[in-house]
Amino acid sequence: MTAIGKVLVFTVLSAASSMAFSASVPAQYTACNGSDSQRAFGLTAATSCLAYGSGNINGNASDPFLTSANGAGYEFISNTENSSAWTEVTSQGSSRAFSFSIDPTLWASYDSLAIGVKVGNNLDLSWAVWSVESLASAFEVFIAPKQGAGLSHFNIYGSGDGPGTGVDNPTPVPLPAAAWLFLSGLAGLVGFHKRKAAAKA
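Everything in this summary refers to the structure shown in the same document. Residue numbers run consecutively from 1 along every chain, following the written order of its sequence. Owing to the predicted nature of the model, reporting of local features is limited to residues with pLDDT of at least 70; listing and counting of side-chain atom pairs is limited to 80 or more, with chain, interface and lining totals taken over all residues. The basis for every side-chain value is the complete set of heavy atoms in the structure, and neither hydrogens nor water enter the calculation.

### Thoughts on the layout of surface pockets
1) Next: Of the grid points, spaced at 1 Å and generated over the protein atoms alone, those admitting a 1.4 Å probe that cannot get out make up cavities, while open sets with protein on both sides within 12 Å along at least five of seven lines make up pockets; any residue with an atom within 4 Å of a point is treated as lining. Grid points are joined across faces, edges and corners, and a volume is the space filled by probe spheres set on the points. In this structure, the largest pocket occupies an estimated 160 Å³ of space.
2) Next: Every residue lining the largest pocket is counted, 10 residues in all, and those nearest its centre are Pro26, Thr90, Gln92, Ser95 and Phe142.
3) Next: Helix and strand labels come from DSSP, where a helix needs a run of H or I of at least four residues and a strand needs a run of E of at least two; each type is numbered from the N terminus. For the lining of the largest pocket, the elements supplying multiple residues, two or more each, are strand E5 (86-92) and strand E6 (95-101).
4) Next: Considered class by class, the residues forming the lining of the largest pocket number 4 nonpolar, 5 polar and 1 charged. Three categories are distinguished: nonpolar for Ala, Val, Leu, Ile, Met, Phe, Trp, Tyr, Cys and Pro, charged for Asp, Glu, Lys and Arg, and polar for the others, with Gly belonging to the last.

### Some details on a nonpolar patch on the surface
1) Next: Patch membership requires more than 30% relative accessible area and the absence of a salt bridge. Residues of like charge join within 9 Å; the nonpolar side chains Val, Leu, Ile, Met, Phe, Trp and Tyr join within 5 Å. With residues, only the protein chains shown are counted as cover, and all accessible areas are computed by Shrake-Rupley using a 1.4 Å probe. By definition, a salt bridge exists where a carboxyl oxygen of Asp or Glu is found within 4 Å of a side-chain nitrogen of Lys or Arg. On the surface, a cluster of nonpolar side chains totalling about 490 Å² of accessible area is made up of Phe182, Leu183, Leu186, Leu189 and Val190.
2) Next: In this structure, leucine 189 sits in helix H2 (residues 175-200).

### Section: the packing of aromatic side chains
1) Next: The criterion for an aromatic pair is that two Phe, Tyr or Trp rings (for Trp, the six-membered ring) have centres within 6.5 Å, with stacked assigned to planes under 30 degrees apart, edge-to-face to planes over 60 apart and tilted to the rest. Throughout the structure, instances matching the rule amount to 8 aromatic pairs.
2) Next: Here the aromatic rings of phenylalanine 41 and tryptophan 130 are separated by 6.5 Å at their centres, their planes lie at 80°, and the arrangement is edge-to-face. Note that phenylalanine 41 is positioned in strand E2 (residues 40-43) and tryptophan 130 in strand E8 (residues 127-132), a separation of 89 residues in sequence. Considered together, phenylalanine 41 and tryptophan 130 belong to a single accessibility category, that of buried residues.
3) Next: Every member of this aromatic cluster is reached through a ring pair, and the members are Phe65, Tyr74, Phe76 and Tyr157. Residue burial is assigned from relative accessible area. The probe radius is 1.4 Å, only protein chains are included, and a residue is buried under 20% of its type maximum, exposed over 50%, and partly exposed in between.

### Describing the nonpolar core
1) Next: We call a set of buried Ala, Val, Leu, Ile, Met, Phe, Trp, Tyr and Cys residues a nonpolar core when their side-chain atoms join them within 4.5 Å. Grouped together as the largest cluster of nonpolar side chains are 26 residues, with contacts concentrated most on Phe41, Leu43, Trp130 and Val141.
2) Next: Those elements that place two or more of their residues in this core are E2, E6, strand E7 (112-118), E8, strand E9 (138-144) and strand E10 (153-159).
3) Next: Counting residues in each nonpolar core, the second largest holds 9 residues, with Leu50, Ala114, Val129 and Tyr157 among its members.

### Topic: the state of the cysteines
1) Next: Any cysteine sulfur atom paired with another within 2.5 Å is treated as part of a disulfide. Across all of its chains, the model carries 1 disulfide by this definition.
2) Next: Covalently, cysteine 32 is tied to cysteine 49 through a disulfide, its sulfur atoms 2.0 Å apart. What sets the handedness of the cysteine 32 and cysteine 49 disulfide is the S-S torsion sign, and at about 60° it is right-handed. With cysteine 32 in the loop between strand E1 (30-31) and E2 and cysteine 49 in strand E3 (residues 46-53), this residue pair connects regions lying 17 residues apart in the sequence.
3) Next: Assessed through its relative accessible area of 0%, cysteine 32 is described here as buried.

In structure tokens form, the structure reads like this:
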């Protein structure tokens, strides 16, 4: 094999190895990326990956998550850009994991919450959004490879109107309506009994 051939094989194998590593999400995280992507995302306490892509998720009218089919029904709640809001918990080569938490009282106002994370734009994926477990408030996000300091920001999205169990409270039947239904049924039974007694006589 020629020297050029060896270089090409080495380059292809290195690229494949790098891509396989970067797209691998540890088992404790719910992955949110395509199998052929250059960047991998993962989140703990997540039920499913809702969407991922390039560009920016910022909560405005053109937010690619909110305008996607999976973002239907969600609204933007808040955005946290301050790096003091998360803590780096693991660092292995170009992979990083960060822990952060959200206000647990948000569950009183929404049936479902979603967490979106944003990193730099130099690879094919720069953001990902997950639906999270009911009542969860503490999370850890995995990014491989990270860019810059790691996270640019994370967003919180909400859907529904509470109380956070995924099912709205049933609307109670007003007492006057329930009383009228009961009295109507009782009157019907009395009338039926009188008619039956009159028929026997």
